[in-house]
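# An overview of the molecular structure
These are the residues of each chain, in order.
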Amino acid sequence: MSVDRDESQQRLKAAVHFTVGRLCQKSGEDHRREFSRQVIAAMAETAFRQSDIFAKDLEAFSRHAKRSTVSTEDVKLLARRSTALSIYIQNKSEELNQEQRDLKKKNTGKRKIRDTEEESRE
Amino acid sequence: MAEREPEVGFKKETVSKLLSSFFKEEKTKLSGDAALLMAEMLRVFVQEAAVRSQKQAETEDCDQVDIEHFEKILPQLLLDF
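Residues numbered from 1 in each chain as written. Chains lettered and ligands numbered in written order. Predicted model: local features only at pLDDT ≥ 70, side-chain atom pairs only at ≥ 80, totals over all residues. Heavy atoms only, no water.

Let us now look at the interface of chain A and chain B. The partner chain B presents 49 residues to the 51 residues of chain A that form the contact. Note on chain A versus chain B: buried area summed over both sides is about 4,700 Å², and carbon and sulfur give 72% of it. At the surface where chain A touches chain B, the tally comes to two salt bridges. The shortest N-O distance in the salt bridge between Glu-25 of chain B and Arg-63 of chain A comes to 3.5 Å. Sorting elements by how many residues they give to the side of chain A that touches chain B places helix 2 (residues 37-64) of chain A first, with 16 residues. Taken together, the residues that form the side of chain A that touches chain B break down as 22 nonpolar, 18 polar and eleven charged. The sheet contact formed by strand 1 (residues 69-70) of chain A and strand 1 (residues 29-30) of chain B spans two bridges and is parallel. Of the residues in strand 1 of chain B, the one forming a bridge with Thr-69 of chain A is Lys-29 of chain B. (Contact = heavy atoms within 4.5 Å. Buried area = accessible area lost by both parts, 1.4 Å probe. Salt bridge = Lys/Arg side-chain N within 4 Å of Asp/Glu carboxyl O. Helix = DSSP H or I, 4+ residues; strand = E, 2+ residues; numbered from the N terminus. Nonpolar A, V, L, I, M, F, W, Y, C, P; charged D, E, K, R; others polar. Pairing = 2+ DSSP bridges.)

Following this line, the structure appears as structure tokens:
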């Protein structure tokens, strides 16, 4: 059983490493200073370990609020240490809500058109 | 129509699996929106690490970012997050 867990952890680490590599590549291009492979590996490892800390904090926050599902409110709380980060995350959250509202409106619109078409047919 | 290049970042599914793997209790779950926000958070974390390391390398007049540069910025990075 623990072998499965190790395997999935390895896969997750590899996924993290991949994205970290791409982010470093982009940053290297933007700022014209590239990263050694050792640095990318160290960053990936750090991101992986930081995710553990984040996860434990998120779990504690949601539990404190007597919820079993971690919500965006918990994430906002996680970003409290830096004002800039906090504002950034709040804005992203607003963007997400707006996208969802827009999507709902679009679907409701489609449904209304379909309903009026059916009405006129009856 | 020119395709807009998708921004590099963590995938929602990866983030979801990653964070879930660290939860202590089985019943703890992550909402979809929370996963998306956390993907942003992790992206910012890595970008900060990258940019700060690059600035450190620049300060030391090095062409490439090496492990020493990363190690120097790491403590403050962790404190800031």
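Structure's up, so let's keep going.
Counting across every chain of the model gives 15 salt bridges over all chains. The salt bridge involving Arg-43 of chain B is made with Glu-7 of chain B; its shortest N-O contact spans 2.9 Å. Here Glu-7 of chain B lies in the segment before helix 1 (12-22) and Arg-43 of chain B lies in helix 2 (residues 32-59), a separation of 36 residues in the sequence. The network of salt bridges with common partners includes Lys-13, Glu-45 and Arg-49 of chain A.

This paragraph deals with the packing of aromatic side chains. Tallied over the full model, the rule gives three aromatic pairs over all chains. Here Phe-48 of chain A and Phe-22 of chain B contribute two aromatic rings whose centre-to-centre distance is 5.4 Å and whose plane-to-plane angle is 75 degrees, an arrangement assigned as edge-to-face. With one member in each of two chains, Phe-48 of chain A in helix 2 and Phe-22 of chain B in helix 1 form a pair that bridges those chains. Note on Phe-22 of chain B: relative accessible area 8%, which makes it buried. On the numbers, 5.0 Å between centres and 90 degrees between planes, the contact of Phe-45 of chain B with Phe-81 of chain B is edge-to-face. Of the two residues, Phe-45 of chain B sits in helix 2 while Phe-81 of chain B sits in the segment after helix 3 (67-80), which places them 36 residues apart along the sequence. Here Phe-45 of chain B falls in the buried class, since its relative accessible area comes to 1%. Exposure remark for Phe-81 of chain B: the relative accessible area of 7% places this residue in the buried category. Joined through ring pairs, the aromatic side chains of Phe-54 of chain A together with Phe-45 and Phe-81 of chain B make up one cluster. (Phe/Tyr/Trp six-rings, centres within 6.5 Å; stacked < 30°, edge-to-face > 60°. Buried < 20%, exposed > 50% of the residue type's maximum accessible area, 1.4 Å probe, protein only.)

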